[in-house]
Amino acid sequence: MPEPVKEFEDETRRLGVIESFEAEALEDDPELQAIVEFAARLCGAPVSMVTLLEQDRQRFLAREGLDQRETPRDVAFCNHTIGKPDLFEVVDAQNDPRFASNPLVTDPPQVRYYAGQPLVSEEGASLGTLCVIDTEAHAAPLDDFQREGLSVLAKAAIRRLETRRASIEAKRIIAEREERLLRMIEGVPQIAWSADENGNFDYFNNRWQEVTGASPPRTAEDWAEFIHEDDHGKAFDEWNRSFAAAEEFEAEFRFRRKDGTWMWVLGQAVPVSQREGEPLRWFGTVTDIDEVRRALEERDLLAKELSHRIKNIFAVVIGLATLKARKAPEHQPFAQELTRVLQSLGRAHEFVRPNAGPMQDSLTGLLEALFIPYGTEGEAPRVRVSGVDAAIGPSAATPLALVFHELATNSAKYGALSTDDGHIDLVAREESETIELTWTEHGSPPSSELVENGFGSRLIDMSMKGQLQGSWERRFEDEGLVVELTMAKAALNN
């Protein structure tokens, strides 16, 4: 047990330590009660107590052989233990000048014998005692075994008090953290919510009321009135799938404001278990993405308009070439060839416009369509695609088309496609998580190594490393440029 520390001789500081234990909750505590019962038997005394010396009273947290719960502080024998580390013992109080006139001696209960083992806190403050009392004087002091036993029991009592204080502090810390977390959750711009393992929603921050003007939903079905009917199916199907599989949920849908208007939102949720084996809880948010969504829609509209105008330009040029050829029959073969090339370029353009259509789900189909404008060498196309095929999604088609259109255009300016008999082999190979393509030019002019490292290269770099989650390297060999491209299968399927 720690010895009392001198700085706690200041009564105000000592009382502050006692208050930190909030000891009212420990009155008649079973552990302390067992300690006083054993202490009485150990010392052969009818009365035993665990006491705290408060400002005006001596409080009994546990007692054996006594009905009272407290006595006035000024008559307490335990006052003599403050600031002392060792057992304080009075074998005959009636004949001890310090206590002969004490009301506890002269009047009931007529104390004759007292032994008090000080209770000292971890920081060294005297709290009170574990004491034994008898109405008969003892012929001799406690023996060594009894003194040691009281010391051990006092340590057990102080551990119980310290455990109580640690629990109070832990609860205080938890309460402060919960309060900070709640303030943070209430302060975020999103609607935040939580639900139990059965899908019952038990918390919403104030943003729900601010946005909807309605009471929060209690079940998933209660969300229906706040989600646009055209988005019900997708949103609820995704929630039911995520909930059943205990997987993260994410869905975009239109959400009803309190004025009846609709806004696009992103709903997200994650399942969380605090400890293994405990039921899951769900925590989620509803984020306003209305401005972003509308900006994207406007961008797509502009892109479609631009695409439409580009297609019109192809049509106008083809029409002009046809018209001029009619007036100059000697240029008819050239006009027909030019028209074929322009029509092929128009088909290739389909792959780099928003929401492109035909053959967008096939890597081979996309590449072959892109390279039609670059003609043939005899019976074979000048860009010869071989190897594995792979499915591609709408998001991957545009960067793929941009990458290979840039490589082909560059080759037509400086490389194999700028000569009459040059050609390119493009071979696709499949690895476990990637698709690898090798672009090999044959028959390039000697100056083909002087390829500009400008915007086109940056465009390829951004497309490969960003949207296609891959990489690319290029080198120059005797016959021309060799480019090795690696892209993630997962990115191709987006």
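This text goes with the structure placed above it.
Just so it is clear, the model here is predicted, and its values are computed rather than measured.

Draft legend 1. Geometry of the overall build of the protein chain. A count of helical and extended segments in the protein chain gives 12 helices and 18 strands. Over its C-alpha trace the protein chain gives a radius of gyration of 44 Å, far above what one expects of a compact globule, namely 23 Å for 494 residues. Overall, the C-alpha framework of the protein chain stretches about 145 × 60 × 35 Å when taken along its three principal axes. The buried share of the protein chain, reckoned over its 494 residues, is 42%. Put simply, 58% of the contacts in the protein chain that link residues at least 6 apart link residues at least 24 apart. Summed over its atoms, the accessible surface of the protein chain is roughly 27000 Å², and 51% of this surface lies on carbon and sulfur atoms. For the protein chain, the centre of its 54 positive side-chain charges and the centre of its 88 negative side-chain charges are spaced 5 Å apart.

Draft legend 2. Focus on the sheet that holds strand β14 (residues 383-387). Spatially, β14-β15-β16-β18-β17 is the arrangement adopted by the 5 strands of the open sheet, whose pairing is mixed. The open sheet terminates on both sides in strands that have one partner only, identified here as β14 and β17 (471-477). Neighbour-to-neighbour, the strand axes of this sheet turn through a mean angle of 15°, independent of strand direction. Pairing analysis gives 7 bridges linking strand β16 (residues 434-442) to strand β18 (residues 480-488), with the strands arranged antiparallel.

Draft legend 3. The side chain of Asp196, seen in detail. Its location among the elements puts Asp196 in the loop between β7 (191-195) and β8 (201-204). Although Asp196 lies buried, it forms no salt bridge, and the closest oppositely charged side chain, Arg281, sits 5.7 Å away as judged by the N-O distance. Here the side chain of Asp196 touches Asn200 through a polar contact of 2.9 Å, landing on its backbone nitrogen. With residues up to four places along the chain from it excluded, the contact list for Asp196 reads Asp202, Phe243, Leu280, Arg281 and Trp282.

Draft legend 4. Expanded view of the environment of Ser215. Within the fold, Ser215 resides in the loop between α5 (206-212) and α6 (232-245). Judged by relative accessible area, Ser215 falls into the exposed class, the value being 58%. Distance in space between the C-alpha atoms of Ser215 and Leu302 is 40 Å, their sequence separation being 87 residues. Ignoring sequence-local partners within four residues, the contact set of Ser215 consists of Trp208, Gln209 and Phe226.

Draft legend 5. Local environment of the state of the cysteines. Across all of its chains, the model carries 0 disulfides by this definition. Free of any disulfide, Cys78 has its nearest neighbouring cysteine sulfur in Cys131, separated by 4.4 Å.

Draft legend 6. Structural view of the nonpolar core. By size, the foremost hydrophobic cluster in this structure holds 34 residues, and its most contacted members are Phe371, Leu400, Phe404, Leu437, Trp439, Leu485 and Met487. For this core, the secondary structure elements donating two or more residues are α9 (363-371), α10 (394-414), β15 (423-430), β16, α11 (455-467) and β18. Those residues in contact with Leu437, other than ones at most four positions away along the chain, are Leu363, Leu367, Phe404, Leu426, Val427, Ala428, Val483, Glu484, Leu485 and Met487. Counting residues in each nonpolar core, the second largest holds 33 residues, with Phe21, Ala45, Ala62 and Leu130 among its members.

Draft legend 7. Molecular detail of the pattern of salt bridges. Applying the stated rule across the entire model yields 33 salt bridges. With its nearest N and O atoms 3.6 Å apart, the salt bridge here joins Glu24 to Arg59. Of this pair, Glu24 sits in the loop between α1 (11-19) and α2 (30-43) while Arg59 sits in strand β2 (residues 57-64), and the two are 35 residues apart along the sequence. Linking Arg59 and Glu54 is a salt bridge whose minimum nitrogen-to-oxygen distance equals 2.8 Å. Pair check on accessibility: Arg59 and Glu54 agree, each one buried.

Draft legend 8. Local environment of the packing of α9 against α10. One can describe the packing of α9 onto α10 by two numbers: an axis separation of 10 Å at closest approach and a directional angle of 40°. Considering the angle they form, α9 stands oblique to α10. Note that α9 runs across α10; the crossing there is right-handed. Contact residues: Leu363, Leu366, Leu367, Leu370 and Phe371 in α9; Ala397, Leu400, Ala401, Phe404 and Ala408 in α10. A per-class count over the contact of α9 with α10 returns 10 nonpolar, no polar and no charged.

Draft legend 9. A look at the environment of Thr163. With respect to the element layout, Thr163 can be found in helix α4 (residues 144-187). A relative accessible area of 49% places Thr163 in the partly exposed class. The sequence separation of Thr163 and Ser194 amounts to 31 residues, and the corresponding C-alpha distance is 33 Å.

Draft legend 10. Representation of the pairing of strand β6 (residues 126-134). Of all 9 residues in β6, 9 are buried, a share of seventy percent or more. Pairing of strand β1 (residues 47-53) with β6 involves 6 bridges; the strand directions are antiparallel. Bridge pairing in β6 links Leu52 to Gly128. Sheet topology places strand β5 (residues 113-120) next to β6; 8 bridges connect them, and they run antiparallel. Paired with Leu119 across the two strands is Gly128, which belongs to β6. In this antiparallel pair of consecutive strands, β5 and β6, the connection spans 5 residues, and Gly124 shows a positive phi of 100°.

Draft legend 11. Spotlight on a nonpolar patch on the surface. Taken together, the side chains of Val270, Val272 and Phe283 make up a nonpolar region of the molecular surface, amounting to roughly 210 Å² of accessible area. Topologically, Phe283 is positioned in strand β11 (residues 281-288). Residue Phe283 is classed as partly exposed on the basis of its relative accessible area of 40%.

Draft legend 12. Expanded view of the packing of aromatic side chains. One pass over the structure, following the stated rule, counts 23 aromatic pairs. Measuring from ring centre to ring centre gives 5.9 Å for Phe204 and Trp223, while their planes differ by 45°; the resulting arrangement is tilted. A residue pair is termed long-range when its members are at least 10 positions apart, and Phe204 in strand β8 and Trp223 in the loop between α5 and α6 qualify at 19 residues. Summarising the burial analysis for this pair, Phe204 and Trp223 share the class buried.

Parameters and conventions
- Residues numbered from 1 in each chain as written.
- Predicted model: local features only at pLDDT ≥ 70, side-chain atom pairs only at ≥ 80, totals over all residues.
- Heavy atoms only, no water.
- Helix = DSSP H or I, 4+ residues; strand = E, 2+ residues; numbered from the N terminus.
- Rg over C-alpha atoms; globule rule 2.2 N^0.38 Å.
- Buried < 20%, exposed > 50% of the residue type's maximum accessible area, 1.4 Å probe, protein only.
- Contact = heavy atoms within 4.5 Å.
- Areas by Shrake-Rupley, 256 points an atom, 1.4 Å probe, with all protein chains shown as cover.
- Lys, Arg positive; Asp, Glu negative; His and termini not counted.
- Charge placed at Lys NZ, Arg CZ, Asp CG, Glu CD.
- Pairing = 2+ DSSP bridges.
- Axes fitted to C-alpha atoms, helices over the stretch in contact; angles between N-to-C directions.
- Salt bridge = Lys/Arg side-chain N within 4 Å of Asp/Glu carboxyl O.
- Polar contact = N/O pair within 3.5 Å; in protein donor to acceptor, adjacent residues only side chain to side chain.
- Disulfide = S-S within 2.5 Å.
- Core = buried A, V, L, I, M, F, W, Y, C linked by side-chain atoms within 4.5 Å.
- Parallel < 35°, antiparallel > 145°, perpendicular 65-115°, else oblique.
- Left-handed = near helix turned anticlockwise from the far one by under 90°.
- Nonpolar A, V, L, I, M, F, W, Y, C, P; charged D, E, K, R; others polar.
- Patch = residues over 30% accessible without salt bridge, like charges linked within 9 Å, V, L, I, M, F, W, Y side chains within 5 Å.
- Phe/Tyr/Trp six-rings, centres within 6.5 Å; stacked < 30°, edge-to-face > 60°.

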